[in-house]
Amino acid sequence: MKILVAVKRVIDYNVQIRVKEDNTGVVTENVKMSTNPPDDNAIEEAVKIKESGKATEVVAVSVGEEKAQETVRKALAVGADRGILIKADGILEPLAVSKLLQKIVEKEKPDLVFMGKQAIDDDCNQTGQMLSAMLNWPQATFASKIEIKDKKLEVTREIDEGLETIEINIPAIVTCDLRLNEPRYASLPNIMKAKKKPIEQLNASDLGVDTSPRIEQIKVEEPPKRKAGIKVKSVAELVQKLKNEAKVI
Amino acid sequence: MSVLLIAEHNNKELKSFTLNAVTAASQMDSDLHAVIIGNNCGDAAKKLSELPLVKKVIQVEAAHYENFVAENFAPVIVKLAENYSHVVCSANTFGKNLMPRIAAALDTSQVSDIIKVISADTFLRPIYAGNAFATVKSKDPKKCITIRPTSFDPCESSGGSAPIEKAEPSEEFNSTKFVKREEIKSDRPELGTARVVVSGGRGMQSGDNFKLITSVADKLNAAIGASRAAVDAGYISNDHQVGQTGKVVVPDLYIAIGISGAIQHLAGMKESKVIVAINKDGEAPIFSVADYGLEADLFEALPQFIEELNKLNTIQK
């Protein structure tokens, strides 16, 4: 079994982002970049499945600028066997990314495609579902548990009401929740080894996909600031304020 | 052209957020139709037809719609979408799972999780966990939009009498089978719609200590929330998580106890009307969004808080 894992390079989740002064986006120059957090869970799960003997190859793929190679390299350092980088510049909408991934799926013929449930930059939560629709494959989104049963997967999904379990036939798409597993850190020897693993580079245009945005970003602004509140000295004062000033209890 | 709203329901009743989604959809175009897909969902369809903003209800029924599997739902909606300029539903796990499948089939770039309708093609949406707001204009001929329910008021729920039309179901998608759903039952208000939310964080130190949160919540008829740190530490189940990867809540009163205020938590609660923070670390970022901050050891403050609330005895139920 072969698992393809899609990973995205985003601003590190610990960075407090800043909006550009001309309101065209957020500042990405000289900002720490990392793998989108749930994509780390996706890689971890694929590597675990390979370690259990149920998969033979894990391929990491990323779409983005040249530097997204670092994100692919990180996936290789935690256990992916080889990488693919589809180079594309500018804003990439999930629809375009899904079309590019569809081309890679057609070429690589994986049994499973894993990725994070959502990217923490554009917060779209679309790519896995779109790819699944394009391939007419089953989808298991927001997965917090995956069990492989012969040619099927049993997946526990996190939904608003609690948990849902579905059974899907392979080939399938799974989008991973943060609670699926605990991603490992790359060891130094594995980081060194990853440098020798192959990364195939392609251009989005060579795959015959038009990646030009369909959504015009008119402006990006800071959200309205909450005005600073006060500190109270005691519980009694707090309760008094909530009752008489804020009138919420 | 008109707007097609996808109703969320449990085959008997409409989910409350459908009312918020109707409000949002009606701001895109007043010719608003709603589709309800399910199994024996006639009662819910009737309730949908009573919403005054809904001009027509389309009801699609089949056994394979019983459990809301997106692979079964999408083809029906894609077919209906021929007649509409917009397809809209809530950005909760139902809509997040479903809408991109529809958008991909329509070759539309979906606009996710909008918080404001500026015009029929222009919307405001949070990005970077709400740390920036983007104004975006969809250039696709058909728009696929998911809306953040807490950003729109619920619509009127009675007085309308829209006609209910039946539409043909699509074939079953055989590669996905529903197995089970474990819903967390509670007598408390639902986290997403509660007027008061009391949340605990890593500062609670154990699952057992969450009883203190429960006691406060009991006094205020509140829903119980938690930070991701508390959920990950196993103090409480994940359906209580408030934040970027959990639920976004906008209660009248949000009480954060032992929560430092990580960016990802703030994204889920900072639009609350009144925020209270109780934390022994005076430098904790939660204080920067709190209207009332109390720098105190929560294990001393909470018993006092419960006692003060007992004295008040004016709790709105």
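Thresholds applied
- Positions within a chain are numbered from 1, following the residues in the order the chain's sequence is written.
- Each chain gets a letter, beginning with A, and each ligand a number, beginning with 1, in the order they are written.
- In view of the model being predicted, local features appear only for residues whose pLDDT reaches at least 70, and side-chain atom pairs are presented and counted only at 80 or more, with totals across whole chains, interfaces and linings using the full set of residues.
- Secondary structure elements are taken from DSSP: a helix is a run of H or I of four residues or more, a strand is a run of E of two residues or more, and numbering for both begins at the N terminus.
- With C-beta atoms placed from the backbone, a residue is buried if 20 or more other C-beta atoms are within 10 Å of its own, exposed if 12 or fewer are, and partly exposed between those counts.
- In this description, a residue-residue contact is defined by the distance between C-beta atoms placed from the backbone, which must lie within 7 Å.
- Under this grouping Gly is polar, as are all residues other than the nonpolar Ala, Val, Leu, Ile, Met, Phe, Trp, Tyr, Cys and Pro and the charged Asp, Glu, Lys and Arg.
- In this document the domain limits rely on a domain assignment from an automatic tool or a database.
- Nonpolar cores are identified as sets of buried Ala, Val, Leu, Ile, Met, Phe, Trp, Tyr and Cys residues joined via C-beta atoms within 7 Å.

Draft legend 1. Region of interest: the overall build of chain A. Within chain A, the regular secondary structure consists of six helices and 13 strands. In terms of principal-axis extent, the alpha carbons of chain A reach across some 65 × 45 × 40 Å. Within chain A, the fraction of its 249 residues that count as buried is 48%. Pairs at least 24 residues apart make up 70% of the contacts formed inside chain A by residues separated by at least 6 positions.

Draft legend 2. Region of the structure containing the interface of chain A and chain B. In this complex, chain A contributes 64 residues to the contact, which on the side of chain B involves 67 residues. Where the side of chain A that touches chain B is concerned, the elements lending two or more residues are helix H3 (94-108), helix H4 (127-135), strand S7 (139-149), strand S8 (152-159), strand S9 (162-169), strand S12 (215-221), strand S13 (230-232) and helix H6 (235-244) of chain A. Looking at the side of chain A that touches chain B, the element that brings in the most residues is S9(A), giving eight residues. Residue classes in the side of chain A that touches chain B are distributed as 31 nonpolar, 13 polar and 20 charged.

Draft legend 3. Spatial organisation of the environment of Pro303(B). Residue and element names in this part refer to chain B. Within the secondary structure, Pro 303 is located in helix H8 (residues 298-312). Exposure remark for Pro 303: the 14 C-beta atoms within 10 Å place this residue in the partly exposed category. When the C-alpha positions of Pro 303 and Val 216 are compared, they lie 8.8 Å apart, and in sequence the two are 87 residues distant.

Draft legend 4. Quick look at the domain arrangement of chain B. Residues and elements named next belong to chain B. Here the domain parsing of chain B yields domain 1 (2-166) and domain 2 (196-312). Of note, the centres of domain 1 and domain 2, computed from C-alpha atoms alone, are 32 Å apart. Taken together, the contacts link five residues of domain 1 with seven residues of domain 2. A class-by-class count of the residues in the side of domain 1 that touches domain 2 yields one nonpolar, three polar and one charged.

Draft legend 5. Spatial organisation of the nonpolar core. Counting 188 residues, the largest nonpolar core has Val5(A), Leu5(B), Val88(B) and Val198(B) as its most contacted members. With seven residues, the single largest contributor to this core is H3(A). Composition of this core by domain shows at least three residues from each of domain 1 (2-166) and domain 2 (196-312) of chain B. Apart from the residues within four sequence positions on either side, Leu5(B) is in contact with Ala21(B), Val22(B), Ala25(B), Leu32(B), Ala34(B), Val88(B) and Cys89(B).

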